[in-house]
Every structure is written in structure tokens, then in C-alpha cells.
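Summary of structural features
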Amino acid sequence: MSENLDNKTSLTNRDIYKFVRGFEDKYGGGTLPTLEEYLRSLFRGIDKRMIMKRVSQFLSVLLLIAVSACQSSTGDLKSAYTARNVAFNSGTQVYTFSYPATWSVEEQDEMTVLVSQRALLDDLPREFGAGQVLVLVRIAHTHATPASIISDYVAQHHDQFTFSDPILYDINGRSAVRVVGIRVAPEEQSLTVAVDLAEDVRGVVGARLAKGELRVWQQTVLDIANSLHLAP
């Protein structure tokens, strides 16, 4: 299951789907043609102006794919961190996670705070700007499943955010659930992930950022959640 964060992503995926299916339907059973042969077969009988228009559209799709790849590269995590917090409903819990090397980290009593810009640790803006990301990491000793944790979170914040449908997925055999929220005033987005760390131990990673920034930073936040483990 995939998330469509805006119409542009949805349309791009549809263009790619049409292109690939057209390719498979014509050449699925034989020798694969060159790109030039395939383009000629698509546009045979169409005047040169239409050919150039479709080639331009095709190249635009490839460009959007390249841009998406560049944006996802912001999720590369290069620094490891070991935190020692008071876990919710329990005593001290030691855990580890990875995060971008240029970010800053601060431990508080019951959570660890990560920010993309150090100034955010001193003063949170009323509205987040481009490139400003706040991430909270927390451990909970509870019988509640990741799905239940996300469900409770949505219920507690439904008056502030409009939430997407939660998405259930798997992190190396561990169950996880994530949900995206959008707030109108001030305009911002949220991404919250709950992940199973051990028997009756859950990790919760929550991010806040400016509206429209989730498409750039979503993979970074998910990578932080994916790297979360209890210390041995």
C-alpha cells in the first residue's frame, strides 16, 4: 500500500504504470527492443509534432523520477545515538537509533528530541519553515499494540489534525503502524510511527514539519523509526 501525498505523485505513478504496461503488452513474450524501437512503435503513423510532444512527456516522467530519487536521499542516516530515558509506565530504558549527521539531539526525561536545525532546540517557531523538522522518540512499556497506540493518538488529536488512514507495515519482522496528519492553522504536517520493539515494549517516533515538507523528509523519519532498537 502506498501513500499519495499530493496529486502530482499520483499522476506521475499513473504515467509510469501506463508506460510499463504498454511495454509489457507489446514485448512481454519476445526479445526486448531498444528504447528507440519502442518509441517508434508507439508513435508510428503520428505526425512529427505529436511525436515530439509525447517524447517530451516521457522525458518529463523520467525527470520526475530522478527528482524523487534525489529527495529520498535525504533519508541517509550516518550517526548512531544511544539514549537513556525514563520509559512510559516503567523505569529507565536504554535504546539506540540512527539519524542524519547534520541534525542535533537532546535527551529529556521521557523522550529524545531530534531537530534538523539546532536553533529549534532553543525556540520552536509558531510555523515550521522549509527544512525545519522536529522528531520525538519515546519508549513505552505497554500491552497495547502499535495499531492501538496510533488509534489512541489519532483520537486524542483529531481536533487539531486531519489524519490519513493508518498504514500497517513490517520492519524486519516487527509490526509497525504509521499515520500522517495535516493541520490547517498553523499549517503543518505530522508523521507518527509506532513500532514493536520487544514483548510489551513499543517505540513511538513522531515528527512535525511544514506543510508540503513531508514529501522531502518522510523517508528520513521512517528510517529513524526503522533503526530504533532496545540496547542489549
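Please refer to the structure placed before this passage.
This section reports on the structure supplied with the text. Since the structure is predicted, the reported quantities are computational estimates derived from the model, not experimental observations. (Residues numbered from 1 in each chain as written. Predicted model: local features only at pLDDT ≥ 70, side-chain atom pairs only at ≥ 80, totals over all residues. Heavy atoms only, no water.)

Burial of strand β9 (residues 188-198) is extensive: 9 of the 11 residues sit out of reach of the surface. One ladder, built from 8 bridges, connects strand β8 (residues 174-183) with β9; its direction is antiparallel. Its bridge partner being in β9, V179 is matched across the sheet by T192. Between β8 and β9, which pair antiparallel one after the other, the connecting turn spans 4 residues. (Buried < 20%, exposed > 50% of the residue type's maximum accessible area, 1.4 Å probe, protein only. Helix = DSSP H or I, 4+ residues; strand = E, 2+ residues; numbered from the N terminus. Pairing = 2+ DSSP bridges.)

Looking now at the nonpolar core. For soluble globular proteins, the rule of thumb is that nonpolar side chains tend to be buried together. Core analysis: the biggest nonpolar cluster contains 29 residues, and F97, W103, L114, V135, V205 and L228 have the highest contact counts within it. If you list the elements that add at least two residues to this core, you get β2 (92-99), β5 (133-141), β8, β9, β10 (201-210) and α6 (214-227). Here this core takes 6 residues from α6, the largest share from any one element. When sequence neighbours within four positions are dropped, the list of residues in contact with L228 reads Y95, T96, F97, V137, I139, R174, V195, L197, G203 and V205. (Core = buried A, V, L, I, M, F, W, Y, C linked by side-chain atoms within 4.5 Å. Contact = heavy atoms within 4.5 Å.)

Glancing now at α6. Look at α6: 19 Å from first C-alpha to last across 14 residues, which is about the 20 Å you get at 1.5 Å a residue. With 10 of 14 residues buried, α6 is to be regarded as a mostly interior element. Every buried residue of α6 is accounted for by L214, W217, Q218, T220, V221, L222, D223, I224, A225 and S227. (Expected span 1.5 Å × (residues − 1).)

Here we come to the layout of surface pockets. Here the largest pocket defines a volume of roughly 700 Å³. Together, 27 residues line the largest pocket, and R138, Y153, H157, T192 and V204 are the ones closest to its centre. Listed by contribution, the elements that provide at least two residues to the lining of the largest pocket are β5, α5 (146-157), β9 and β10. At 6 residues, β5 tops the list of elements feeding residues into the lining of the largest pocket. By residue class, the composition of the lining of the largest pocket is 14 nonpolar, 8 polar and 5 charged. (1 Å grid on protein atoms, 1.4 Å probe; cavity = no way out; pocket = protein on both sides within 12 Å on 5 of 7 lines; lining within 4 Å. Points joined across faces, edges and corners; volume = space filled by probe spheres on them. Nonpolar A, V, L, I, M, F, W, Y, C, P; charged D, E, K, R; others polar.)

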